[in-house]
Amino acid sequence: MAIPRLSSSSAARWLDSPERYGWVSQALHWGMAALFAWQFTGMVLRLLLGRTPVTAVMVGSHAPVGTLLLGLVLLRLLWAWGNRHRRPPRERTPAGRAAWLGHAALYLLMIVIPLLALLRHYGSGRAFAPFGVPLMAASDKLPWLMAPADAVHGLLAWLLLALVAGHVLMVLVHQYVWRDGIAGRMLPRRRKGPPSGPG
Ligand code: HEM
Ligand code: HEM
């Protein structure tokens with residue numbers, strides 16, 4: 001019967017499969033990419049233009065948006081772990097291993113960058129309520145907790161931006177040079193024509 005088949009395949013679309021990422025992984029990937037674009041655009045405009053009304057809004061939301069990104073990356077890791085046997089498998093080739101290492105480095109930086117910044121904020125002793133949620137109360141200053149982010153928060157963030165540029169470049173190479181259709185794994189399924197087979 002058609003109905004059970006249709007409902008089970010559409011239910012499965014929110015989970016990953018060996019052919020493509022499901023819509024939860026895609027929403028996390030593209031939603032976070034948009035928030036990272038907001039963070040970096042704000043900081044680049046601040047460096048280029050100094051303090052203007054636009055940069056004030058973007059930089060003013062930097063700490064809450066960065067905190068949200070930390071929450072989202074932890075969710076994303078949990079989701080990736082839960083889908084580890086379903087999602088597109090790691091290829092056992094040098095290129096596949098390089099891609100895995102690149103993704104692991106992206107995850108590491110996505111965690112370390114906001115985490116160090118939050119520790120610095122805590123060490124500053126100032127209260128912090130991202131989006132109105134009281135996360136830190138005012139307390140004593142702890143300079144040793146501020147030192148790591150003072151030393152490397154910006155540096156690691158620019159390194160992340162460079163890695164993202166490399167990531168996008170590799171997606172373009174896959175799409176237009178190797179033409180292996182890997183970009184389509186992180187995009188919604190096309191609805192053209194009748195289904196031609198499983199997957
Ligand atoms: C993953 C999220 C984040 C990214 C990608 C990011 C990125 C950046 C970038 C590119 C800069 C500019 C560095 C420079 O001027 O050379 C910066 C500075 C800054 N960020 Fe973030 N940030 C994130 C999270 C946070 C969080 C959660 C906080 C606070 C709780 C924060 C607080 C600051 C502060 C205070 C500065 C200016 C001082 C400094 O450069 O260290 N950031 N961030
Ligand atoms: C225009 C920007 C971007 C494009 C076109 C893009 C494209 C893609 C594509 C096509 C994949 C699937 C690759 C595969 O199946 O092997 C992917 C995976 C991935 N991307 Fe991106 N991406 C972008 C931005 C970002 C950003 C900003 C980050 C993080 C800072 C990121 C982190 C990842 C990670 C970690 C994966 C592995 C799958 C996962 O765990 O979610 N991407 N990306």
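Our subject is the structure that appears above.
Described in the following lines is the structure provided in the data block. This structure is a prediction, so every number in the text was calculated from the model and none was measured.

**Things to note about the packing of aromatic side chains**
Here's step 1: Here the structure, examined in full by the defined rule, presents 3 aromatic pairs.
Here's step 2: Considering the side-chain rings of Phe-36 and Phe-40, the 6.5 Å spacing of their centres and the 25 degrees angle between planes classify their relative orientation as stacked. Residue Phe-36 and its partner Phe-40 are located together in helix α2 (residues 23-49), separated by 4 residues, close to a single helical turn.
Here's step 3: For Phe-40, a relative accessible area of 13% corresponds to the buried category.
Here's step 4: Taking the centre distance of 6.0 Å and the plane angle of 40 degrees together, the rings of Phe-40 and Trp-158 count as tilted. Note that Phe-40 is positioned in helix α2 and Trp-158 in helix α6 (residues 143-178), a separation of 118 residues in sequence.
Here's step 5: The rings of Phe-36, Phe-40 and Trp-158 are connected pair by pair, giving a single aromatic cluster.
Here's step 6: The cationic tip of Arg-84 hangs over the ring face of Trp-81; the distance from NZ or CZ to the ring centre is 3.8 Å.
Here's step 7: For Arg-90, the ring lying beneath its charged end belongs to Trp-100, and the centroid distance is 4.7 Å.

**Some points on the coordination of the iron atom of ligand 1**
Here's step 1: Distances from the iron atom of ligand 1 to its protein donors, namely His-62 (NE2) and His-153 (NE2), fall within the range 2.0 Å.
Here's step 2: Residue His-153 is classed as buried on the basis of its relative accessible area, which comes to 15%.

**Remarks on helix α4 (residues 62-82)**
Residue pairs three or four apart in sequence face the same way in an α-helix, which turns once every 3.6 residues.
Here's step 1: The end-to-end C-alpha separation of α4 is 30 Å, in line with the 30 Å expected for 21 residues at 1.5 Å each.
Here's step 2: Those residues of α4 that sit buried are Pro-64, Val-65, Gly-66, Thr-67, Leu-69, Leu-70, Leu-72, Val-73, Arg-76 and Ala-80.
Here's step 3: Packing partners of the buried residues in α4 comprise α2, α3 (53-60) and α5 (94-124).

Conventions we followed
Residues numbered from 1 in each chain as written. Chains lettered and ligands numbered in written order. Predicted model: local features only at pLDDT ≥ 70, side-chain atom pairs only at ≥ 80, totals over all residues. Heavy atoms only, no water. Phe/Tyr/Trp six-rings, centres within 6.5 Å; stacked < 30°, edge-to-face > 60°. Helix = DSSP H or I, 4+ residues; strand = E, 2+ residues; numbered from the N terminus. Buried < 20%, exposed > 50% of the residue type's maximum accessible area, 1.4 Å probe, protein only. Lys NZ or Arg CZ within 6 Å of the ring centre and 35° of its normal. Donors = N, O, S within 2.8 Å, 3.2 Å for Na, K, Ca; no water. Expected span 1.5 Å × (residues − 1). Contact = heavy atoms within 4.5 Å.

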